[in-house]
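Chain and residue survey
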Amino acid sequence: MWGAFLLALVPLLWILWTVVSKGGHLLLDSQWWTNSQKGITARREGGGAIHAIQGTLIQGLTTAVISVPIGVMTAIYLVEYGRGRLAKAVSFMVDILTGVPSIVAGLFIYALWVTTFGFQRVGFAVCLALVLLMVPVVVRSTEEMLKLVPNELREAAYALGVPKWKTIVKVVLPTAFSGIITGVLLGLARVMGETAPLLILGPYSKSIATDLFSGLMPTLPTMINQDRTESLQPAVDRVWAAALTLILLILLLNLAGRVIARLGSVKK
Amino acid sequence: MAKRIDVSDLNVYYGAFKAVEGVTMTVEPRSVTAFIGPSGCGKSTFLRTLNRMHEVIPGGRVEGKVMLDDQDLYASDVDPVAVRRTVGMVFQRPNPFPTMSIYDNVAAGLRLNGVKGKKKLDEVVEKSLNGANLWNEVKDRLAKPGAGLSGGQQQRLCIARAIAVEPQVLLMDEPCSALDPISTLAIEDLISELKSQYTIVIVTHNMQQAARVSDQTAFFNLAATGKPGKLVEVADTQKIFNNPGVKATEDYISGRFG
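The rules we used
- Residues numbered from 1 in each chain as written.
- Chains lettered and ligands numbered in written order.
- Predicted model: local features only at pLDDT ≥ 70, side-chain atom pairs only at ≥ 80, totals over all residues.
- Heavy atoms only, no water.
- UniProt positions renumbered as here; feature names shortened; annotations may be inferred.
- Helix = DSSP H or I, 4+ residues; strand = E, 2+ residues; numbered from the N terminus.
- Contact = heavy atoms within 4.5 Å.
- Buried < 20%, exposed > 50% of the residue type's maximum accessible area, 1.4 Å probe, protein only.
- Pairing = 2+ DSSP bridges.
- Phe/Tyr/Trp six-rings, centres within 6.5 Å; stacked < 30°, edge-to-face > 60°.
- Lys NZ or Arg CZ within 6 Å of the ring centre and 35° of its normal.
- Axes fitted to C-alpha atoms, helices over the stretch in contact; angles between N-to-C directions.
- Parallel < 35°, antiparallel > 145°, perpendicular 65-115°, else oblique.
- Left-handed = near helix turned anticlockwise from the far one by under 90°.
- Nonpolar A, V, L, I, M, F, W, Y, C, P; charged D, E, K, R; others polar.
- Polar contact = N/O pair within 3.5 Å; in protein donor to acceptor, adjacent residues only side chain to side chain.

In the nomenclature of an unreviewed UniProt entry, chain B corresponds to Phosphate ABC transporter ATP-binding protein from the organism Pedococcus bigeumensis. Per UniProt, the comment on chain B under Subcellular location (unreviewed entry) is "Cell inner membrane". Recorded in UniProt under Function (unreviewed entry), the annotation for chain B is "Part of the ABC transporter complex PstSACB involved in phosphate import. Responsible for energy coupling to the transport system."

Here is the structure:
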């Protein structure tokens, strides 16, 4: 058992060690967190990643804001209301959506957004593609959490003369709250590290962009991809540093989620 | 406040399966009626039809009539949610809401039905916890989670939660089967006290318990597995236990089967 544990730990520590040793020193410089890469070539040192960090956060949060209500409500429908054919069809669709490769989601939105509607490639289009990837994760995890809520609690509420919708909102959802948050964060972690739709819909740019509806929006994955073939040392260092930043960002989100989940979880 | 229940010719179905057949009986107000019988004989199923809780299970439906005083519970204009406000229920396993404190658990029924005002809620919570003989044990820790109490205390908390919405009738589905003898005694004492205000119907597997707490006892039985359960005999508890009218009742009570 310990052997298996160590075996699982080796790649994890290896990745962390490589990323930290090759990119860690850049993160200690305060300009990494305050400056963008504007005007900085691969040859030059310096500059920061704030443009990419902002882009990743804005896109991640927008995606979550759209996906979480859709996903949670779909899960509520499937667990609490869904009977018969429609529910089976919805469940099947979610399964299909789970299996959609991210590049297909990206191409689909490209076909819709750019080819059909004739819009520009903007941050919001990226968010739409990420929504396609995040919704099934949220649906499935929320579904599992709602199923874990004992039926006795629902019956207890019904027996008090509480209508079904109120039972779900006031009893079932609070009981499953911490599990739902965990599922949302797993989904968010997945989409924040997603690259394929970003390559298609949100090419990299070096300056800060906060408008989801106009201009290119840089993100950490595209920043990593941009310089990954570069052989000049300053650019290579920045690639590793951006990778470490992305790992830290997702770790931080997970920790924040744990705290939120603990605050609102079942009291013991 | 307590009301009389009149059941006539009630059949209960789950989908195509007939679970209970042809029950006719009367439950007097301010009395305790016990349902006894072997497992699977439909006593819990029948109990749940008294506040339409069987409808929560897909396919559950009834034929026949249940009257609460002069109100037909199954009339087409009756809302099952409103029925459950009038006819409360306590379950086999204590099921306090795990995210709520002791106070919030008791106030849940009122709050979720839109009652506000701290003063009113404070009053109801104290009155209900007193009614459930729990006030003295928990008055200093009302803000603590309800799930932190012992099993017996949790069950009394559930009773307090049920009586906080001031029902007319209280249904209890094997309320002591998950409890130790001391907690069982506390609940039985409580049932005898609640009798002065509520009509109580209790399902129990424990015949001594039926003999101790009830005024009237109904014996349910089923002919064979897969056949519907039937009401065999209903009479004063004294009569059922000392001089039953049907052989099957006597066999069951004396332990010859079941």
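Below, the discussion takes up the side chain of Thr 45 of chain B. Looking at where Thr 45 of chain B falls in the secondary structure, it is placed in helix H1 (residues 43-49). Not counting residues within four places of it along the chain, the set of residues in contact with Thr 45 of chain B comprises Val 12, Tyr 14, Ala 19 and Val 20 of chain B.

Another point: the UniProt feature "domain: ABC transporter" (unreviewed entry) in chain B. Within this structure's numbering, the places UniProt gives as "domain: ABC transporter" (unreviewed entry) are residues 5-247 of chain B. Taken end to end, residues 5-247 of chain B has its terminal C-alpha atoms 27 Å apart, with 35% of it in helix and 27% in strand.

Before going further, it helps to examine the pairing of strand E9 (residues 216-222) of chain B. All names here are of chain B. With 6 of 7 residues buried, E9 is to be regarded as a mostly interior element. Bridge count for strand E3 (residues 32-36) against E9 is 4 bridges, and the pairing is parallel. Note on E9: the bridge partner recorded for Ile 36 is Phe 219. Sheet topology places E9 next to strand E10 (residues 229-236); 7 bridges connect them, and they run antiparallel. For Thr 217, the partnering residue across the bridge sits in E10 and is Ala 235.

Attention now goes to the packing of aromatic side chains. Per the counting criterion, the structure on display carries 9 aromatic pairs over all chains. Here a set of aromatic residues connected by ring pairs shows up, and it is made of Trp 113, Phe 117, Phe 119, Phe 124 and Phe 213 of chain A. It is Arg 161 of chain B that lies over the ring of Phe 97 of chain B; its NZ or CZ is 4.5 Å from the centre.

Residue and element names in this part refer to chain A. One can describe the packing of helix H5 (residues 102-116) onto helix H6 (residues 123-148) by two numbers: an axis separation of 9 Å at closest approach and a directional angle of 135°. Compared by their axis directions, H5 and H6 come out oblique. Between H5 and H6 the crossing geometry is right-handed. Every residue of H6 that contacts H5 at Ser 102, Ala 105, Gly 106, Phe 108, Ile 109 and Trp 113 is listed here: Phe 124, Ala 125, Leu 128, Ala 129, Leu 132 and Leu 133. Its residues assigned to classes, the contact of H5 with H6 shows 10 nonpolar, 2 polar and no charged.

Residue and element names in this part refer to chain B. The residue Ser 31 is located in the loop between strand E2 (17-27) and E3 in this model. Here Ser 31 falls in the buried class, since its relative accessible area comes to 10%. A polar contact is formed between the side chain of Ser 31 and the backbone oxygen of Glu 28, at a distance of 2.8 Å. The residues contacting Ser 31, other than those within four sequence positions of it, are Lys 195, Tyr 198, Thr 199, Ile 200 and Asp 215.

Residue and element names in this part refer to chain B. A positive phi angle, close to 55°, is found at Asn 133, a residue other than glycine. The class for Asn 133 is partly exposed, based on a relative accessible area of 32%. A positive phi angle is found at Glu 166, which is not glycine, with a value near 50°. Note on placement: Glu 166 falls in the loop between helix H6 (151-164) and strand E7 (169-173).

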